[in-house]
Amino acid sequence: MEKIKVGIAGLGRLGKEHAKNLAFKIPNAELTAACSIVPSELEYAKNELSVEKVYPDFHEMLKDAAMEAIVIVTTSDQHCWQIAAALDAGKHVFTDKPLGVTIEECKTAEKAVERHPELTFFLGFMRRFDPSYAYAKEKIKQGAIGKPYMLKATGIDPEALVEGAINFSSKSGGIFIDMAIHDIDLMRWFLESDPVEVYAAGTTFKHKEFQAVGDDETGAAMYKCANGAIAFAHMGRTAPHGYHVETEIIGTDGSIRISPVPEKNLCLIYNQHGAVKECVSGFPERFADAYRLEMEEFIRCIQQKEKPAITVYDGTKSTQIAFTTMEAYRKRRVLPITY
């Protein structure tokens, strides 16, 4: 098959990962255009990725008739209007999470996807494509742990990156919107049920700067799902050892734990500190395979004219759950989740 010509919007930390995959690691894709409001990112696209067409304006990039698909990795508040504009321009669309930062924006994206059933829309909940998470899902389908009834999720960013988290906290939407979207998606995926109520709380012991903007450095939420299952989400920003993402799914006949130690590789170092396992430093390292595999699936869906398993409605529901979690956190009481 001919390669799919792809343009990318946004070349920040994650955007560069997607761009490198499209340029060098996905045989059926060709990165032909890049868009950014940051001049140095456009220079990066030209010099490091050999992209000939670069644009400071998203609408100008959409005029490129040869480009068949757009990968959107811009700031979260830009996603939905860019999704609609790209689909209306006849482009297949991949967008990073979250779908939008308000439910109204998500509904705008839904309508755009509904207007264009002939086009592929792909939402980047990449953890579903991580080999360990995908393996766990398959084992659950096979009945390895019986019926799943509880999920425990932990996601803690490194203390080494806390200054960036502090600077972003005033516009992040709060710890659960900022950090829990992937875990919310995994909760729905593994338990196969939507949460119907939530209680959430937060605390800060180390960096009071978070509380100055009405946020916290650590948050915890408990969910009750429509089918009776329960889930716990622990979000944080101060892991001293690195990037810590851990998930446990408990069933009637057993349990599965994914990444109880966020190990960098299989090496075990014996030195004056004891027996030491080095940990991954951040999400690009931990989920490198997942980012590549989800983009491969996006390109495959375009070529095979198949609909992705993750839909625009998954994005709206995850956003709704995250917003209700923040509301429960602020009101300090159990709240129903409505859809």
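Presented here is an overview of the structure given in this document.

Conventions used here
- Residues numbered from 1 in each chain as written.
- Predicted model: local features only at pLDDT ≥ 70, side-chain atom pairs only at ≥ 80, totals over all residues.
- Heavy atoms only, no water.
- Salt bridge = Lys/Arg side-chain N within 4 Å of Asp/Glu carboxyl O.
- Helix = DSSP H or I, 4+ residues; strand = E, 2+ residues; numbered from the N terminus.
- Buried < 20%, exposed > 50% of the residue type's maximum accessible area, 1.4 Å probe, protein only.
- Pairing = 2+ DSSP bridges.
- Axes fitted to C-alpha atoms, helices over the stretch in contact; angles between N-to-C directions.
- Parallel < 35°, antiparallel > 145°, perpendicular 65-115°, else oblique.
- Contact = heavy atoms within 4.5 Å.
- Nonpolar A, V, L, I, M, F, W, Y, C, P; charged D, E, K, R; others polar.
- Phe/Tyr/Trp six-rings, centres within 6.5 Å; stacked < 30°, edge-to-face > 60°.
- Lys NZ or Arg CZ within 6 Å of the ring centre and 35° of its normal.
- Core = buried A, V, L, I, M, F, W, Y, C linked by side-chain atoms within 4.5 Å.

Focus on the pattern of salt bridges
For side chains of opposite charge, pairing can occur when their charged atoms come near one another. Under the defined criterion, the tally for this structure stands at 24 salt bridges. Residue Lys137 is joined to Glu192 by a salt bridge in which the shortest nitrogen-to-oxygen separation is 3.3 Å. Of this pair, Lys137 sits in helix α6 (residues 131–141) while Glu192 sits in the loop between α9 (181–191) and β8 (195–203), and the two are 55 residues apart along the sequence. The partner of Asp314 in a salt bridge is Arg188, with the nearest N and O atoms 3.1 Å apart. Placement of the pair is Asp314 in helix α13 (residues 312–331) and Arg188 in helix α9, with a sequence separation of 126 residues. When its relative accessible area of 12% is taken as the criterion, Arg188 is described as buried.

Overview of the sheet that holds strand β5 (residues 92–96)
The six strands lie next to each other as β3-β2-β1-β4-β5-β6, forming an open sheet whose pairing is parallel. A strand with exactly one partner marks an edge of an open sheet, and here the two such strands are β3 (53–55) and β6 (121–124). Within this sheet the neighbouring strands show an average axis-to-axis angle of 25°, counted without direction. Pairing of strand β2 (residues 29–35) with β3 involves three bridges; the strand directions are parallel. Residue pairing for β3: Ala34 is matched across the bridge by Val54.

Describing the packing of helix α5 (residues 103–115) against α13
As a packed pair, α5 and α13 sit with axes 9 Å apart at the nearest point and diverge in direction by 175°. In terms of their interaxial angle, α5 and α13 are classed as roughly antiparallel. For the pair α5 and α13, the contacting residues are Ile103, Cys106, Lys107, Ala109, Glu110, Val113 and Glu114 in the first and Val312, Tyr313, Thr316, Thr319 and Gln320 in the second. Looking at the contact of α5 with α13 residue by residue, the class counts come to six nonpolar, three polar and three charged.

What to know about the packing of aromatic side chains
Taken as a whole, this structure holds 10 aromatic pairs when the rule is applied. An angle of 15° between the planes, with centres 5.6 Å apart, marks the rings of Phe94 and Phe122 as stacked. Placement of Phe94 in strand β5 and of Phe122 in strand β6 is noted, with a sequence separation of 28 residues between them. Ring centres 5.8 Å apart and planes at 35° place the aromatic pair Phe122 and Phe129 in the tilted group. By relative accessible area, Phe122 is classed as buried at 1%. Here the aromatic cluster, defined as three or more aromatic residues joined through ring pairs, consists of Phe94, Phe122, Phe129 and Phe298. Stacked on the ring of Tyr44, the Lys or Arg Lys16 has its end atom at 4.9 Å from the ring centre. The ring of Tyr339 carries Lys317 above its face, with NZ or CZ at 5.4 Å from the centroid.

Considering the nonpolar core
Membership of the largest hydrophobic core comes to 96 residues, with the highest contact counts inside it found for Phe58, Phe190 and Tyr223. Among the elements that make up this core, the one with the highest residue count is α9 (seven residues). With residues up to four places along the chain from it excluded, the contact list for Phe190 reads Tyr133, Ala136, Lys137, Ile140, Pro148, Leu151, Ile249 and Ile258.

A word on the sheet that holds strand β12 (residues 254–258)
Spatial ordering of the open sheet is given by β12-β11-β7-β10-β9-β8-β15, a layout of seven strands whose pairing is mixed. In this open sheet, the two edge strands, each paired with only one partner strand, are β12 and β15 (335–336). Sheet contacts for α6: β7 (148–158), β11 (244–251) and β12; angle to β12, the most-contacted strand, approximately 170°. Sitting on the sheet, α13 touches β8, β9 (218–225) and β15, and the angle it makes with β8 is about 50°.

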